[in-house]
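Inside the fold
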Amino acid sequence: RAGALVRWLPVRRPRGRRTASSSPSAPAGGADLSAHLWARYQDMRRLVHDLLPPEVCSLLNPAAIYANNEISLRDVEVYGFDYDYTLAQYADALHPEIFSAARDILIEHYKYPEGIRKYDYNPSFAIRGLHYDIQKSLLMKIDAFHYVQLGTAYRGLQPVPDEEVIELYGGTQHIPLYQMSGFYGKGPSIKQFMDIFSLPEMALLSCVVDYFLGHSLEFDQAHLYKDVTDAIRDVHVKGLMYQWIEQDMEKYILRGDETFAVLSRLVAHGKQLFLITNSPFSFVDKGMRHMVGPDWRQLFDVVIVQADKPSFFTDRRKPFRKLDEKGSLQWDRITRLEKGKIYRQGNLFDFLRLTEWRGPRVLYFGDHLYSDLADLMLRHGWRTGAIIPELEREIRIINTEQYMHSLTWQQALTGLLERMQTYQDAESRQVLAAWMKERQELRCITKALFNAQFGSIFRTFHNPTYFSRRLVRFSDLYMASLSCLLNYRVDFTFYPRRTPLQHEAPLWMDQLCTGCMKTPFLGDMAHIR
């Protein structure tokens, strides 16, 4: 049963290489071998059933904080925050507004066909972290090893057959590094969509491509991509999104009282706070007044708006400018950053010089792995926390009995395939092919639990996604929302789980959970070294 002690007993190394047919438990061959394999299959089914008592589900807490790196909050003296999707969590109702406004801009200002207006936003189409090949009009999910996950490539709203995907990339699923992305997720021809605002962008891009392909209209892929991204940008630059949120903050801003509780608690324990955001002061001011109150600036030691991240972290040339109470720029030279004042632009190097906040005593939270966190961790040694709102939903799915049983049987079946592949007669190969087919069906079912088109944002079938790889690389901590901090003491130490490397975990999950010598058929693998 789950949690049983593993007994590591020595297995005698055989003198010569043993074939499957020479295994002591192997029958003579033919139909007997086929029956032998199916008997082992049934034994494994019973074993997996015993591994999953009812209480095994709901083990993960959606409100927990998860650590990629050991970090003690006792050592953190300064807390920094992004604004959008960090201090201010937005409702999903914002995405259809962005989609529709950008769609109308394409039609009215870029003169795209009126027929595009028939498309509405589909919230269940795309997930964060996908890549888009501009020249191929291909939206796809890529794993940590740069391989396209087959079955997750879409042109427009239609899936692209696996064979065509492999052909498009020269007979392989692999995308070379130089094509994938630069440091900020923008390669020469492939872009990664990393922030939550990109969900309506991916949906609109797919709808426009779908319309052009469906009506046999010739188009330049690069022009179409740029027009869609420019239309989405216009929604932000023209302030449309800010207007919608300001007009109905109760509808669009979530967990404002929890944000207030987090900030107040940190200040009460003597922590210093700062805010660095790309949003304009008037928008941030109204949102913070809604969540925290009119005196919100007294909680922060430094407030910087329109910072122009990520160049804020790398470009030394832009000076800080002070804003007055009405948000107008002042012309005086900045020699110190004062509490209660508002600053615009600037750069991290002047920020470090003026505040002397350096290294691991600073913890900064943001939702964008590239624009918010990457430079701070890799170049400046700050500790970083990633806000991943999707985490809450994914954990709730992982906690379901359907997911747990599906995943456990997949793992057991995969281990069985590995151990039984030594049987290579015709009858046995048919059995193994049936198992492979069942394994693939299980993988597709599990993927669809998260998203029918692309699955989980954290995993391909078995590998971490490219998004997950960046999450682990650029964040010490990650959580669904800032409010998760309320569940921990301000001196709490987070310890990452020691996940075994492949050579540290020679047995499959079913073997580890039951004790390796109690698991049927371990002897069949004894000859493999």
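Residues numbered from 1 in each chain as written. Predicted model: local features only at pLDDT ≥ 70, side-chain atom pairs only at ≥ 80, totals over all residues. Heavy atoms only, no water.

1. Remarks on the sheet that holds strand β13 (residues 320-323)
Taken together, the nine strands give an open sheet; going across it, the order is β1-β17-β16-β15-β3-β11-β12-β14-β13, and neighbouring strands pair in mixed fashion. With one partner strand each, in any of the chains shown, β1 (66-67) and β13 form the two edges of the open sheet. (Pairing = 2+ DSSP bridges. Helix = DSSP H or I, 4+ residues; strand = E, 2+ residues; numbered from the N terminus.)

2. Section: the pattern of salt bridges
Applying the stated criterion to the full structure yields 34 salt bridges. Between Lys318 and Asp308 there is a salt bridge, with its nearest N and O atoms 2.4 Å apart. With Lys318 in the loop between β12 (302-305) and β13 and Asp308 in the loop between β12 and β13, the pair connects residues that are ten residues apart, well separated along the chain. For Asp308, a relative accessible area of 34% translates into the label partly exposed. Connected through shared salt-bridge partners, Arg103, Asp104, Glu108, Glu114, Arg117 and Asp120 make up one network. (Salt bridge = Lys/Arg side-chain N within 4 Å of Asp/Glu carboxyl O. Buried < 20%, exposed > 50% of the residue type's maximum accessible area, 1.4 Å probe, protein only.)

3. Some points on unusual backbone geometry
Note: most residues except glycine have negative phi, and most peptide bonds are trans. At the junction of Lys309 and Pro310, the peptide bond is cis and its omega measures out at 5 degrees in the coordinates. Locating Pro310 in the fold gives a position in the loop between β12 and β13. The backbone of His146 sits at a positive phi, close to 70 degrees, despite the residue not being glycine. With respect to the helices and strands, the residue His146 is situated in the loop between β6 (138-142) and β7 (148-155). One non-glycine residue with positive phi stands out, namely Ser216, at about 50 degrees. With respect to the helices and strands, the residue Ser216 is situated in the loop between α5 (198-214) and α6 (221-237). A relative accessible area of 66% places Ser216 in the exposed class.

4. Here's the deal with the pairing of β6
Of all five residues in β6, five are buried; the element is thus mostly enclosed. Covered by surrounding structure in β6 are Leu138, Met140 and Ile142 together with Leu139 and Lys141, the residues of both alternating faces. Two strands pair when backbone bridges link them, and strand β5 (residues 131-133) and β6 are joined in this way by three bridges, in the antiparallel orientation. When the sheet's bridge partners are listed, His131 is paired in β6 with Met140. Taken together, the three bridges between β6 and β7 define a ladder with antiparallel strand orientation. Each residue of the ladder has a partner; that of Leu139, found in β7, is Tyr154.

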